[in-house]
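Chain and residue survey
The chain contents come next:
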Amino acid sequence: MRYSQYGTTGKQVSAIGFGGMRFARPAAIDEMAEVVLHAYDRGINYFDTAPGYCDDHSEQIMGAALRQMRKRGSDLPIYTSSKSNKPTGDGLRRDLERTLRRLDVDSIDFYHCWYLLHPGELDARIAGGAIDAMIRAKEEGLIDHMTFSTHLPGDEIRKVIERDIFEGVLLGYSAANYRYREAGIAAASARSMGVVVMNSLGGGTIVENEETFGYLKVHEGQSMLDAALHFLLQEERIAVRLVGFRDMTDVDTAIDSVESFRPYSDEELASLISGADRTFDALCTGCMYCRVCPVDIAVWKFVETANLLYLSSGETVKDRLRYHWGVTIDQLDACISCGACERACTQQLPILERFEALKAAVRAE
Ligand code: SF4
Ligand code: SF4
């Protein structure tokens with residue numbers, strides 16, 4: 001495993017981190033804790049979780065694993081990361097105390113002001129008391145480092161960073177959307193902040209679309225997973241790349257990929273840049289944060305399907321809607337254009353335009 005400094009905290013974190021949002025069987029707490037332990041035994045030491053992940057079992061799984069890790073007596077330090085999206089001081093404090101109980105720790109290493117999605121949201125958290133509650137918790141030793149997570153565009157991330165409140169940032173970043181977040185990474189780097197990236201594989205989009213993302217393969221023998229992860233490993237401004245692991249096989253595959261990484265030459269980097277001649281931040285990552293529809297449209301099923309309009313695929317829109325997602329295009333007739341899904345979208349996609357493009361594609365098929 002490779003390690004690097006998390007900003008100026010003095011903490012050496014593993015190049016890939018355990019993203020605790022995709023456990024294969026979340027209700028099987030002890031079985032899933034073994035997956036986390038396996039990752040630790042193979043050198044991962046950054047463990048990310050949050051309330052609500054995996055039917056709200058993720059923090060419990062991490063807690064069960066952490067108890068076992070401490071018994072290992074290993075020299076490898078363990079770093080925990082969790083989050084609160086509560087705007088009020090009381091709400092954040094309740095989240096924090098519950099997380100401390102679930103993880104069975106005295107303090108959280110990296111505690112995130114979670115999910116800054118809209119410009120101005122930080123001000124709402126300040127006004128509500130959440131940031132003051134984080135500062136108090138840090139003074140009490142319950143938080144080691146105040147951090148934030150965000151799906152804002154790069155320029156908006158930069159504005160948050162320039163407020164000098166946080167020591168690190170967790171942001172969505174992959175070979176599919178890196179241009180969209182570059183200004184945020186640059187701002188964090190300029191202030192020596194810790195950078196952790198999530199959605200590292202673009203929600204599976206990159207690995208599944210070799211025809212589009214094949215330019216990422218610059219070394220002999222790289223798989224698409226290697227290519228996507230190596231793309232992030234060559235970016236030294238990033239400390240940790242989160243990967244959502246389902247099981248031990250996922251852990252081993254990702255760690256093997258890290259171990260096969262060789263730094264890119266200048267020519268290889270140039271070929272990567274010239275290969276990225278399309279703007280990939282137009283893709284749905286399948287994160288499902290758009291589950292906010294007042295008329296119960298499963299928005300992500302349609303927008304993910306609209307990726308087909310931008311990627312090479314043998315599948316028709318109609319077939320993907322029907323056989324993969326179990327929906328039909330006429331369900332979009334219920335849409336009242338309220339815009340709630342667009343405001344919630346982590347990729348800030350023009351969802352209503354995608355709906356129209358989908359309808360046109362189905363008519364043409
Ligand atoms: S714009 Fe349409 S699909 Fe989106 S949340 Fe509103 S009603 Fe639902
Ligand atoms: S439409 Fe946006 S919020 Fe919904 S799944 Fe896709 S990327 Fe995520």
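The present account deals with the structure reproduced in this document. Being a predicted model, the structure only gives us computed values, none of them experimental.

Looking only at helices and strands, the chain features 17 helices and ten strands. Taken over C-alpha atoms, the radius of gyration comes to 20 Å for the chain, in line with the 21 Å a tight globule of 365 residues would show. The dimensions of the chain, computed from C-alpha atoms along their principal axes, are 60 × 50 × 40 Å. Within the chain, the proportion of its 365 residues that are buried is 54%. A fraction of 75% describes how many contacts in the chain between residues 6 or more apart in sequence connect residues 24 or more apart. Only carbon and sulfur atoms are counted for the fraction: they give 47% of the accessible area of the chain, which is about 15500 Å².

Core analysis: the largest hydrophobic core is formed by 81 residues, its most contacted members being Ile16, Phe18, Val36, Met134, Phe148, Phe166 and Leu216. Considering every element that reaches this core, the biggest residue donor is helix α11 (residues 224-233), with eight residues. When near neighbours in sequence (up to four residues on either side) are disregarded, Ile16 contacts Met1, Ile44, Leu229, Val240, Arg241, Val243, Phe245, Ala254, Ile255 and Val258.

On to the pairing of strand β3 (residues 16-19). Looking along a regular strand, one sees the side chains alternate between the two faces of the sheet. Residues Ile16 and Phe18 line one face of β3 and the alternating positions Gly17 and Gly19 line the opposite face, and both faces are buried. Across four bridges, the pairing between β3 and strand β10 (residues 240-244) is parallel. Among the inter-strand pairings, Phe18 is bridged to a residue of β10, identified as Val243. Bridging between β3 and strand β4 (residues 46-48) involves two bridges; their strand directions are parallel.

This part covers the site of ligand 1. Around ligand 1, the surrounding shell holds 14 residues, and the nearest of these are Cys293, Cys335, Cys338, Gly339 and Cys341. Across the shell around ligand 1, the residue classes break down as twelve nonpolar, two polar and no charged.

To continue, consider the packing of helix α1 (residues 29-41) against helix α12 (residues 248-259). The contact between α1 and α12 brings their axes to 9 Å, and the two run at 20 degrees. Taken as axis vectors, α1 and α12 run roughly parallel relative to one another. For the pair α1 and α12, the sense of crossing is right-handed. Touching Glu34, Val35, His38 and Ala39 of α1 are Met248, Val251, Asp252 and Ile255, all from α12. Across the contact of α1 with α12, the residue classes tally to five nonpolar, one polar and two charged.

Assignment of secondary structure puts Arg291 in the loop between α13 (266-275) and α14 (299-306). A C-alpha to C-alpha distance of 9.3 Å links Arg291 and Ala340, two positions 49 residues apart in sequence.

With that settled, consider the sheet that holds strand β5 (residues 79-84). What the eight strands build is a closed barrel, ordered β3-β4-β5-β6-β7-β8-β9-β10; its pairing is parallel. Sheet twist, expressed as the mean angle between neighbouring strand axes with direction ignored, is 30 degrees. Note: strand β7 (residues 143-150) against strand β8 (residues 168-172), four bridges, orientation parallel. Of the residues in β8, the one forming a bridge with Thr147 is Gly168. Packing against the sheet, helix α3 (residues 58-72) makes contact with β3, β4 and β5, and its axis sits at approximately 155 degrees to β4. Packing against the sheet, helix α6 (residues 130-139) makes contact with β6 (108-116) and β7, and its axis sits at approximately 150 degrees to β7.

Each value, and the rule that gives it
Residues numbered from 1 in each chain as written. Chains lettered and ligands numbered in written order. Predicted model: local features only at pLDDT ≥ 70, side-chain atom pairs only at ≥ 80, totals over all residues. Heavy atoms only, no water. Helix = DSSP H or I, 4+ residues; strand = E, 2+ residues; numbered from the N terminus. Rg over C-alpha atoms; globule rule 2.2 N^0.38 Å. Buried < 20%, exposed > 50% of the residue type's maximum accessible area, 1.4 Å probe, protein only. Contact = heavy atoms within 4.5 Å. Areas by Shrake-Rupley, 256 points an atom, 1.4 Å probe, with all protein chains shown as cover. Core = buried A, V, L, I, M, F, W, Y, C linked by side-chain atoms within 4.5 Å. Pairing = 2+ DSSP bridges. Near = heavy atom within 4 Å. Nonpolar A, V, L, I, M, F, W, Y, C, P; charged D, E, K, R; others polar. Axes fitted to C-alpha atoms, helices over the stretch in contact; angles between N-to-C directions. Parallel < 35°, antiparallel > 145°, perpendicular 65-115°, else oblique. Left-handed = near helix turned anticlockwise from the far one by under 90°.

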